[in-house]
Amino acid sequence: MPEGFLIFLDDNAKQFMFLNNGIEFPKIDAVVFNPKNLEQFLFSYFESGYVSDGDWSDLDPELLLEGISESTEEANIDRKKNGIPPLKIIGWVQKPIYDKNSKTAYWAIKVTDTNSGDIVNAIALKLGRRGFNKFVWIGEPDKFNPSESPLNIAIDNHNLQQGFRYADYSSGDKIAAVGLASLVAVTAGSKSGKGVVAGILATLLIFAKKFWFLIFLPFVFVWKWVKGLFSRGQD
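Residues numbered from 1 in each chain as written. Predicted model: local features only at pLDDT ≥ 70, side-chain atom pairs only at ≥ 80, totals over all residues. Heavy atoms only, no water.

Asker: Outline the side chain of Glu39, supporting the account with residue identities and numerical values.
Answerer: Positionally, Glu39 belongs in the loop between β2 (30–33) and β3 (40–46). Within the buried set, Glu39 has no salt-bridge partner at all; the shortest N-O distance to an opposite charge, 7.2 Å, is to Lys143. Separated by 3.0 Å, the side chains of Glu39 and Trp137 make a polar contact. (Helix = DSSP H or I, 4+ residues; strand = E, 2+ residues; numbered from the N terminus. Buried < 20%, exposed > 50% of the residue type's maximum accessible area, 1.4 Å probe, protein only. Lys, Arg positive; Asp, Glu negative; His and termini not counted. Salt bridge = Lys/Arg side-chain N within 4 Å of Asp/Glu carboxyl O. Polar contact = N/O pair within 3.5 Å; in protein donor to acceptor, adjacent residues only side chain to side chain.)

Put into structure tokens, the structure is as follows:
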């Protein structure tokens, strides 16, 4: 890691996320945090099986955004119960894009709350032979550049070992229950899988139930709370 960054692993990462969000995150491997500018990187790996990218054209960004907004409103009920300000989805900073060379889908959304102002959540899914890695960058809008974002740097510096890469797929490997477009809908938190073709809805909902902990991960960050915590520490 760059000098000055902090890292929280496993149970510490889960506790850090709960204190920030008021929601449990049972599947998160690491949180990397920069106390100087409050940037945050989240890392998770999901052994879901080989995810086909053949359905990418089925993704509808505008419907997807509607589904994200709806599920965020539902999640706000739990946030309020735990004393966390509700969030509102503003819109796309970067609509979903799929890089076939790196086998990575990524997108970015701007959110806001009454206490902290605007925040950007940039998310990437990097496909592998047996599952996918999930990267999330959280920070202020003026620190995010879609073409040269911290998320891009993290992805470019991440490599799967030989035998575990997407290109290493072999006949007989476990196949994920959904394709990439559907996985994006689930990961982005779209309610009822809105944003992909209706024909796969039943399968998508079953997959979403199994991986429910994906849904709320990208959209929550109490900026003011963390900023105040580290300001007190510096004082």
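Continuing now.
Asker: Help me get a handle on the pattern of salt bridges, residues and values and all.
Answerer: Enumeration according to the criterion identifies 5 salt bridges in this entry. Where Arg129 meets Asp173, a salt bridge forms, and the shortest distance between an N and an O atom there is 2.7 Å. Separated by 44 residues along the polypeptide, Arg129 in the loop between β6 (117–127) and β7 (132–139) and Asp173 in the loop between α3 (150–156) and α4 (180–188) bring together distant segments of the chain. Notably, a salt bridge pairs Glu140 with Lys143, separated by 2.8 Å at the nearest N-O pair. Residue Lys143 is classed as partly exposed on the basis of its relative accessible area, which comes to 30%.

Asker: Tell me what's going on with a nonpolar patch on the surface, and back it up with residues and numbers.
Answerer: On the surface, Met1, Ile7 and Leu9 cluster together into a nonpolar patch covering about 300 Å² of accessible area. Structurally, Ile7 can be placed in strand β1 (residues 6–9). The exposure class assigned to Ile7 is partly exposed, which follows from its relative accessible area of 41%. (Patch = residues over 30% accessible without salt bridge, like charges linked within 9 Å, V, L, I, M, F, W, Y side chains within 5 Å. Areas by Shrake-Rupley, 256 points an atom, 1.4 Å probe, with all protein chains shown as cover.)

Asker: Lay out the pairing of β7 with the relevant residues and their values.
Answerer: For β7, the buried fraction is high: 8 of the 8 residues fall into the buried class. Alternating positions in β7 separate into two faces, Phe132, Lys134, Val136 and Ile138 on one and Asn133, Phe135, Trp137 and Gly139 on the other, with burial throughout. Sheet analysis places β3 next to β7, joined by 7 bridges and oriented antiparallel. Bridged to Gln40 within β7 is Ile138. Joining the antiparallel neighbours β6 and β7 is a turn of 4 residues. (Pairing = 2+ DSSP bridges.)

Asker: Hey, could you go over the packing of aromatic side chains for me, with residue numbers and the actual values?
Answerer: For the structure shown, the criterion picks out 8 aromatic pairs. An angle of 80 degrees between the planes, with centres 5.7 Å apart, marks the rings of Phe43 and Phe135 as edge-to-face. Of the two residues, Phe43 is situated in strand β3 and Phe135 in strand β7; the sequence distance between them amounts to 92 residues. Given the relative accessible area of 26%, Phe43 is considered partly exposed. Relative accessible area serves as the criterion here: at 3%, Phe135 is assigned to the buried category. Linked through ring pairs, Phe8, Phe16 and Phe33 together constitute an aromatic cluster. (Phe/Tyr/Trp six-rings, centres within 6.5 Å; stacked < 30°, edge-to-face > 60°.)

Asker: Tell me about the sheet that holds β2, and please be specific about residues and values.
Answerer: Reading across from one edge, β1-β2-β3-β7-β6-β5-β4 is the order of the 7 strands in this open sheet, with antiparallel pairing throughout. The sheet is open, and its two edges are formed by β1 and β4 (87–99), each paired on a single side. Adjacent strand axes in the sheet meet at a mean angle of 15 degrees when their direction is disregarded. Its contacts with the sheet place helix α2 (residues 61–81) against β4 and β5 (104–113), and it is angled at close to 135 degrees to β4. (Axes fitted to C-alpha atoms, helices over the stretch in contact; angles between N-to-C directions. Contact = heavy atoms within 4.5 Å.)

Asker: Residue-level account of the environment of Leu42, with values.
Answerer: Its location among the elements puts Leu42 in strand β3. Of the residues examined, Leu42 reaches a relative accessible area of 1% and is grouped as buried. Sequence spacing of Leu42 and Ile123 is 81 residues, and the spatial spacing of their C-alpha atoms is 9.3 Å.

Asker: Could you give an account of the environment of Ala185, naming the residues involved and the relevant values?
Answerer: Note that Ala185 resides in helix α4. In this structure the C-alpha to C-alpha distance between Ala185 and Ile68, which are 117 residues apart in sequence, comes to 8.4 Å.

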